[in-house]
Every structure is written in structure tokens, then in C-alpha cells.
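Observations on chain architecture
What follows is each chain in one-letter form.
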Amino acid sequence: MKTYKIGRNPDNDIVIKDQSQHVSRYHALITVNDNGSITIIDQSTNGTYVNGVKVKSRVDYPVSTSDSIVFAKTTQLDWNLISKATIFKPAYVAPESQKPVSSYAPQKTKSNSTSTGKIIGWILIGVGILAIITGGVSFSFEGICAVSVPFIGGIILLNKAGK
């Protein structure tokens, strides 16, 4: 059986360099049992998450190397460090291997939908203007809708595409 101490303090087996100090000095223990089973014990203030679920503090929680373990919602465990900690003591988590949990949230990216929205917006405005030119404005409900709906829809799409 081998137990690995994980946290910010330099005397841990796996030292996490966390400048924000969300990871505790002694954050968690991972135990690899002789039969191959693995457990984690959270000892922290800001929690340990296994596959996105916060584990109960100070309770053995069974894990496997396919599980995602995140400390204090800031640093994901690299399972390769467990074997490195056995050979080289301590194993440091470099800043580039820190994976913020917020990275699971979808990122806003610019896409072609903005330009598509602009094109459709201009087409709708053109249809509204064309309806005015060809048929005039009939002051019936249908006439006003035929002109205003595409025109206003085009303006709305152009406004949204511009943001």
C-alpha cells in the first residue's frame, strides 16, 4: 500500500503550485492498495471533485485512473504524477498542467453565424422595402404585417449580429 500526499506544501508527494491558494497546503491523500484499488480522501477547505462531483471530506472515496480528479475547482490531477512521485519525491504540478474546471464551460467563439445573420437581416429589410415599392402600404392588418414583419425582423437580426 502506498499513500500520496497532495497539496501546496513542499513536503507533499505531489506539490501543486497554486498561486490563488485555493488548493489547501495538505489537500488530499490518494492511496494505492496492494490489490490495485485506489481511494482518495479530501482534507481540504475548498473541496475535491471526482468526475465533477464533490466528494465528502475525510471519507475514503474509491477512484480509478480513468476518473477526473480536480482540486478546489482549479487543478486537475495528472495520473502520471502518481508514478513520478514514487520515483522522484516530490512531483510538482507545473502551471501548464493545471486545468481550470471553468474550461468545461462552453467558450464563446466568433462564428459564421454572425455574418449569416447580417445577410439574412439585409434580405428581410430588402423584402420589406420591396413590399412597400410594389404594393404600397395597405392600411389593412395584412398589408401592415406584410411590410413591417420582414423589415423589423431584418433590423433585429442586424442588431444581434453586430454584438
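Computed from a prediction, not measured in an experiment: that's the story for all the values here.

Describing the confidence of the model for the protein
For the protein, the mean per-residue pLDDT works out to 77, and 69% of the residues sit at or above 70. Within the model, the stretch residues 95-109 combines pLDDT values under 50 with 19 contacts to residues more than four positions away or in other chains.

Observations concerning the nonpolar core
Residues Ile30, Ile40, Val63, Ile69, Phe71, Leu77 and Trp79 are the most contacted members of the largest nonpolar core, which totals 19 residues. For this core, the elements supplying multiple residues, two or more each, are β1 (2-7), β2 (14-16), β3 (28-32), β4 (38-42), β8 (69-71) and α1 (80-87). Those residues in contact with valine 63 that sit more than four places away from it in its chain are Ile38, Thr39, Ile40, Val50, Ile69 and Trp79.

A short note on the sheet that holds strand β9 (residues 75-76)
With respect to topology, four strands assemble into an open sheet ordered β6-β5-β8-β9, the strand pairing being antiparallel. Edge strands, defined here as strands with exactly one partner in the open sheet, are β6 (53-54) and β9. Across two bridges, strand β5 (residues 48-50) lies against β6 in antiparallel orientation. Directly across from tyrosine 49, in β6, lies its bridge partner lysine 54.

Thoughts on a nonpolar patch on the surface
Taken together, Ile119, Ile123 and Val127 make up a surface patch of nonpolar side chains, about 270 Å² in accessible area. Take isoleucine 123: it is sitting in helix α2 (residues 112-135).

Examining the pairing of β3
Counting buried positions along β3 gives four out of five residues, so the element sits mostly inside the fold. In terms of strand pairing, β1 meets β3 through five bridges, oriented antiparallel. Its bridge partner being in β3, tyrosine 4 is matched across the sheet by isoleucine 30. Sheet analysis places β3 next to β4, joined by five bridges and oriented antiparallel. Directly across from leucine 29, in β4, lies its bridge partner isoleucine 41. The antiparallel pairing of β3 with β4 creates a hairpin that spans five residues between the two strands, and glycine 36 there sits at a positive phi of about 95°.

Brief notes about the environment of aspartate 67
Structurally, aspartate 67 can be placed in the loop between β7 (61-63) and β8. Spatially, the C-alpha atoms of aspartate 67 and asparagine 51 are 6.0 Å apart, while their sequence positions differ by 16 residues. Every residue in contact with aspartate 67, bar those within four places of it in the chain, is listed here: Val50, Asn51 and Trp79. Only 2.8 Å separates the side chain of aspartate 67 from the backbone nitrogen of serine 64, close enough to count as a polar contact.

Side note on the packing of aromatic side chains
Counted according to the given criterion, the structure contains zero aromatic pairs. Sitting above the plane of the tyrosine 4 ring, lysine 2 keeps its charged end 5.3 Å from the centroid.

A closer look at the environment of threonine 74
Note that threonine 74 resides in the loop between β8 and β9. Look at threonine 74 and you get buried, because its relative accessible area is 17%. The spacing of threonine 74 and valine 23 is 51 residues in sequence and 7.6 Å in space, taken between C-alpha atoms. Within the local environment of threonine 74, its side chain forms a polar contact with the side chain of threonine 75, the two groups lying 3.4 Å apart.

Cut-offs applied
Residues numbered from 1 in each chain as written. Predicted model: local features only at pLDDT ≥ 70, side-chain atom pairs only at ≥ 80, totals over all residues. Heavy atoms only, no water. pLDDT = per-residue confidence, 0-100. Contact = heavy atoms within 4.5 Å. Core = buried A, V, L, I, M, F, W, Y, C linked by side-chain atoms within 4.5 Å. Buried < 20%, exposed > 50% of the residue type's maximum accessible area, 1.4 Å probe, protein only. Helix = DSSP H or I, 4+ residues; strand = E, 2+ residues; numbered from the N terminus. Pairing = 2+ DSSP bridges. Patch = residues over 30% accessible without salt bridge, like charges linked within 9 Å, V, L, I, M, F, W, Y side chains within 5 Å. Areas by Shrake-Rupley, 256 points an atom, 1.4 Å probe, with all protein chains shown as cover. Salt bridge = Lys/Arg side-chain N within 4 Å of Asp/Glu carboxyl O. Polar contact = N/O pair within 3.5 Å; in protein donor to acceptor, adjacent residues only side chain to side chain. Phe/Tyr/Trp six-rings, centres within 6.5 Å; stacked < 30°, edge-to-face > 60°. Lys NZ or Arg CZ within 6 Å of the ring centre and 35° of its normal.

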